[in-house]
Amino acid sequence: MTAPNQEELARVAESATLSTALSTTRPASGLALQLDAVQRRFGERVVLDDLSISFAAGEFVTVVGKSGCGKSTLLRLLAGLDAADGGRIESDGRALASLKEDVRIMYQDARLLPWQSVADNVALGLPGRRATVRALALEALAQVGLADRADEWPSQLSGGQRQRVALARALVHRPRLLLLDEPLGALDALTRIEMHRLIEQIWREHRFTAVLVTHDVSEAVALADRIVLIEDGRIALDQAVDLARPRSRGDAAFAALEGRVLDRLLAVQALNPRNQIRGRVSAIRVGDVLAEVEVAVTDVFGNPGTVVSTLTARNLQEHALEVGAEVLAVFKSNEVALATPR
Ligand SMILES: Nc1ncnc2c1ncn2[C@@H]1O[C@H](COP(=O)(O)OP(=O)(O)OP(=O)(O)O)[C@@H](O)[C@H]1O
């Protein structure tokens, strides 16, 4: 990692310019958010329905839920890119829509302009003298470990590096609310873990409020103070993550919490009657690592049958499943998962 150009930064500080203005006129602390009975409809379809929740200033919240449940819709409302059909979204009594300058959003694709250098992409939209703006861009790039790539084209960077540039582009505006719409969804597992560390470190430094939409429950547990699950347009689960940071995926408490949230998500999937079948556990076979649970079921025509679910032996232990227990067999692509019937 290359340090930012210190001479240039010093010049900027001396000339009492935008850098000073940004750091003094806009507090670095996060925005508190209050959502009250928020509704968003598309035609007949009610996507968010009477959704109420509050986020504390500086909190890191992750939003999970099955595909199409309205996660991105919620983020677009918070970003002011879309308007609610009902309810209020405020920050300490002010409509969030009036605080757009304090809010930045990051998407799954970095959305960089290919004809602009990395530094110019980060500096995009920043007012001020060219040298000042460039120094701010370099400072933001240094924070994401890319100061030495400032003069390259976006096409010369890897997917993970492009996302780091997108993060720098958000940071340069010193957001008080950073919205992250699956920003790591297209990255490989190792790069994701590196990005988790980077995002957490930057969030701890800047203390903005962060709202991250993700499909990855492990990512949610790694980063969140709170995990929020959206179901039927409302908050179905609001789970505090009370684990010390930085978090380790190998930790037992981490795995247990991840399992609980996954189970809850699975229960939501099971609500779709087309992909689930009720039955009773008829046999359990436990190996060193894996376990098989056989479930006796009856199909819609009354024909008896069995389905088999494979899970880790440890997971089986945590769920205390036993022969005779009533379960839902949930079909997810090519696997069968089990959930407790409601
Ligand atoms: N502009 C729009 N016009 C009509 N319907 C929309 C519009 N935007 C979103 N929707 C619908 O709202 C629902 C929620 O969409 P949204 O993108 O918020 O879901 P999501 O939870 O982010 O899904 P995914 O996890 O698959 O990204 C979907 O049924 C979608 O088709």
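Rules used throughout
Residues numbered from 1 in each chain as written. Predicted model: local features only at pLDDT ≥ 70, side-chain atom pairs only at ≥ 80, totals over all residues. UniProt positions renumbered as here; feature names shortened; annotations may be inferred. Near = placed C-beta within 6 Å. Helix = DSSP H or I, 4+ residues; strand = E, 2+ residues; numbered from the N terminus. Nonpolar A, V, L, I, M, F, W, Y, C, P; charged D, E, K, R; others polar. Buried ≥ 20, exposed ≤ 12 C-beta atoms within 10 Å, placed from the backbone. Pairing = 2+ DSSP bridges. Expected span 1.5 Å × (residues − 1). Axes fitted to C-alpha atoms, helices over the stretch in contact; angles between N-to-C directions. Domains from an automatic or database assignment. Contact = placed C-beta atoms within 7 Å. Core = buried A, V, L, I, M, F, W, Y, C linked by C-beta atoms within 7 Å.

- The protein chain is annotated in an unreviewed UniProt entry as ATP-binding cassette domain-containing protein from Pseudothauera rhizosphaerae.
- Taken from UniProt, the Sequence similarities (unreviewed entry) comment for the protein chain reads in full: "Belongs to the ABC transporter superfamily."

**Focus: the site of the ligand**
Stage number 1. Close to the ligand lie F42, V47, G65, S67, G68, C69, G70, K71, S72 and T73.
Stage number 2. The element best represented in the shell around the ligand is helix α3 (residues 71–79), accounting for three residues.
Stage number 3. Tallied by class, the residues present in the shell around the ligand amount to three nonpolar, six polar and one charged.

**As for the pairing of strand β6 (residues 103–106)**
Stage number 1. Going residue by residue along β6, you find V103 and I105 tucked away on one face and R104 and M106 tucked away on the opposite face as well.
Stage number 2. Summarising the sheet, β6 and strand β7 (residues 177–181) pair through four bridges and their orientation is parallel. What sits directly across from I105, in β7, is L179.

**A closer look at helix α5 (residues 130–143)**
Stage number 1. In this model α5 runs 20 Å from its N-terminal to its C-terminal C-alpha over 14 residues, within 8% of the 20 Å that 1.5 Å per residue would give.
Stage number 2. The buried fraction of α5 amounts to eleven of the 14 residues, a majority that puts the element mostly inside the structure.
Stage number 3. Along α5, the positions that sit buried rather than exposed are T132, V133, R134, A135, L136, A137, L138, E139, A140, L141 and Q143.
Stage number 4. Immediately downstream of α5, the backbone of G145 shows phi near 75°, a positive value.

**Regarding the sheet that holds strand β9 (residues 226–231)**
Stage number 1. If you walk across this open sheet you meet the six strands as β6-β7-β8-β3-β9-β10, and the pairing is mixed. The open sheet is flanked by β6 and β10 (234–240), the only strands paired with a single partner. Going across the sheet, the axis of each strand differs from the next one's by a mean of 20°, ignoring polarity.
Stage number 2. As paired elements, β9 and β10 share six bridges and run antiparallel to each other. Within β10, the residue paired with R226 across the bridge is A240.

**Regarding the UniProt feature "domain: ABC transporter" (unreviewed entry) in the protein chain**
Stage number 1. Within the UniProt annotation, "domain: ABC transporter" (unreviewed entry) is assigned to residues 33–257.
Stage number 2. Secondary structure over residues 33–257 splits into 32% helix and 27% strand, and the C-alpha atoms at its two ends are 25 Å apart.

**Focus on the domain arrangement of the protein chain**
Stage number 1. Splitting the protein chain by domain gives domain 1 (6–32 + 43–266) and domain 2 (275–339).
Stage number 2. Averaged C-alpha coordinates put domain 1 and domain 2 at centres separated by 38 Å.
Stage number 3. Every contact between the two is made by four residues of domain 1 and, on the other side, five residues of domain 2.
Stage number 4. Considering only residue class, the side of domain 1 that touches domain 2 consists of two nonpolar, one polar and one charged.

**Brief notes about the pairing of strand β8 (residues 209–213)**
Stage number 1. Of all five residues in β8, five are buried; the element is thus mostly enclosed.
Stage number 2. Residue alternation in β8 divides its side chains into two sets, T209, V211 and V213 and A210 and L212, and both sets are buried.
Stage number 3. As defined by bridge partners, β7 adjoins β8 across five bridges and the pair is classed as parallel. By the bridge assignment, L179 is partnered in β8 with V211.

**Quick look at the sheet that holds strand β2 (residues 45–55)**
Stage number 1. Ordered in space as β2-β1-β4-β5, the four strands form an open sheet in which the pairing is antiparallel. Taken across any chain shown, the strands that pair with only one partner, and hence form the sheet edges, are β2 and β5 (94–95).
Stage number 2. Here four bridges tie strand β1 (residues 33–42) to strand β4 (residues 86–91), and the two strands are oriented antiparallel to one another. Looking at the pairing, D36 lines up with R88 of β4.

**Focus: the nonpolar core**
Nonpolar side chains in soluble globular proteins tend to be buried together.
Stage number 1. Judged by nonpolar contacts, the single largest core of 71 residues is most densely connected at V122, A137, L141, A168, L179 and A210.
Stage number 2. Take this core: its biggest share by element is seven residues, from α5.
Stage number 3. The residues contacting L179, other than those within four sequence positions of it, are L75, L78, A79, V103, I105 and V211.
Stage number 4. Membership of the second largest hydrophobic core comes to ten residues, among which are V295, L321, V327 and L338.

**Section: α3**
Stage number 1. Of all the residues in α3, the buried ones are K71, T73, L74, L75, L77 and L78.
Stage number 2. Among the residues trailing α3, G80 stands out with phi positive, at a value near 75°.

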